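One letter stands for each residue in the lines below.
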Amino acid sequence: TNGNGPAITASNQGSGMAMLGFVSNTTNHASMFQINNAVSSFDAVHGVTNGTGSGIYGQNTGGGAALFGYSTGTGNAGYFNISNASNGNAALYVTTNGSGAGVESYVSEGAYAGKFIIGNSTNSNTSLLATTTGLGRAGYFGISNPLNGDVALYATTNGTAASVWGVNSGTGMGGSFWINNGASNADAVYGYNEGSGIAVHGFSQGVGTAGLFEVQN
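For the structure given in this document, a descriptive report is provided here.

Conventions we followed
- Residues numbered from 1 in each chain as written.
- Predicted model: local features only at pLDDT ≥ 70, side-chain atom pairs only at ≥ 80, totals over all residues.
- Heavy atoms only, no water.
- Helix = DSSP H or I, 4+ residues; strand = E, 2+ residues; numbered from the N terminus.
- Rg over C-alpha atoms; globule rule 2.2 N^0.38 Å.
- Buried < 20%, exposed > 50% of the residue type's maximum accessible area, 1.4 Å probe, protein only.
- Contact = heavy atoms within 4.5 Å.
- Areas by Shrake-Rupley, 256 points an atom, 1.4 Å probe, with all protein chains shown as cover.
- 1 Å grid on protein atoms, 1.4 Å probe; cavity = no way out; pocket = protein on both sides within 12 Å on 5 of 7 lines; lining within 4 Å.
- Points joined across faces, edges and corners; volume = space filled by probe spheres on them.
- Nonpolar A, V, L, I, M, F, W, Y, C, P; charged D, E, K, R; others polar.
- Phe/Tyr/Trp six-rings, centres within 6.5 Å; stacked < 30°, edge-to-face > 60°.
- Patch = residues over 30% accessible without salt bridge, like charges linked within 9 Å, V, L, I, M, F, W, Y side chains within 5 Å.
- Salt bridge = Lys/Arg side-chain N within 4 Å of Asp/Glu carboxyl O.

1. A word on the overall build of the protein
Turning to step 1, where the next piece is worked out: Along the protein, the regular secondary structure elements total zero helices and zero strands.
Turning to step 2, where the next piece is worked out: The globule rule puts the C-alpha radius of gyration for 217 residues at 17 Å, and the 27 Å found for the protein is more than 25% above it.
Turning to step 3, where the next piece is worked out: Structurally, the protein occupies a C-alpha span of about 80 × 40 × 35 Å along its principal axes.
Turning to step 4, where the next piece is worked out: The buried share of the protein, reckoned over its 217 residues, is 0%.
Turning to step 5, where the next piece is worked out: Restricting the contact set of the protein to residue pairs at least 6 apart, pairs at least 24 apart contribute 0%.
Turning to step 6, where the next piece is worked out: Accessible surface, the protein: about 21500 Å² in total, of which carbon and sulfur atoms supply 49%.

Next comes the structure, spelled out in structure tokens:
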């Protein structure tokens, strides 16, 4: 069509699908939608529903991806947005009952593998929250390159609170630092202060000591 209406319209007033594409004995697509206009800002595929189902649903019973986004331009490969301020759901929700990760990110160039930003200065929520009800760690940071001279975890703030804060409401320690290398001559804990405060400060409100330093060898 060279007008403003759709080229194809399908409608079904019953319980079946309005349109079905089926391909067998071939390696081609079941359907393809393409916009051949570089200045067009419209979606090649647009799904809308006012029901409880998904706007777009992808399922794969083989070894491929149920939903695959690929970009050869300068845009995102995938974009998820909630425009309703009263919506309390996540913009992207991932679940799996398999043995793989819920979310995995891999970068082969010089970019971040993951980046989380809160752009509202009045938002008091955590930028990245990790919890577990299992027996494993809530977070793990590791460097597997022996030539890497950087730290495994770096925390910085220009506010008034501590850069790192550990709280334990159980019977364990609030923080533990361990060097698991007998040939290392580095410090397990190092305190450095360029201001007028104390480099290392221990404070106890209970019946224990504020600090204990012990050599067992």
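2. Focus: the layout of surface pockets
Turning to step 1, where the next piece is worked out: By volume, the largest pocket is sized at about 4000 Å³.
Turning to step 2, where the next piece is worked out: Surrounding the largest pocket, 46 residues form its lining, Val-45, His-46, Ile-56, Leu-67 and Phe-68 being those nearest its centre.
Turning to step 3, where the next piece is worked out: Of the volumes computed, that of the second largest pocket is approximately 2700 Å³.
Turning to step 4, where the next piece is worked out: In terms of lining, the second largest pocket is formed by 32 residues, of which the most central are Leu-128, Gly-139, Tyr-140, Phe-141 and Leu-153.
Turning to step 5, where the next piece is worked out: Split by residue class, the lining of the second largest pocket holds 20 nonpolar, nine polar and three charged.

3. Quick look at the packing of aromatic side chains
Turning to step 1, where the next piece is worked out: The full count for this structure, using the stated rule, is two aromatic pairs.
Turning to step 2, where the next piece is worked out: Where Phe-68 meets Tyr-70, the ring centres are 6.1 Å apart and the plane angle is 15°; that geometry is what we call stacked.
Turning to step 3, where the next piece is worked out: Judged by centre distance (6.4 Å) and plane angle (10°), the ring pair of Tyr-190 and Tyr-192 falls under stacked. Taken as a pair, Tyr-190 and Tyr-192 share a single burial class, namely exposed.

4. Quick word on a nonpolar patch on the surface
Turning to step 1, where the next piece is worked out: A contiguous nonpolar patch, built from Phe-80, Leu-92, Val-94 and Val-103 and spanning about 400 Å² of accessible area, is present on the exposed surface.
Turning to step 2, where the next piece is worked out: A relative accessible area of 38% places Val-94 in the partly exposed class.

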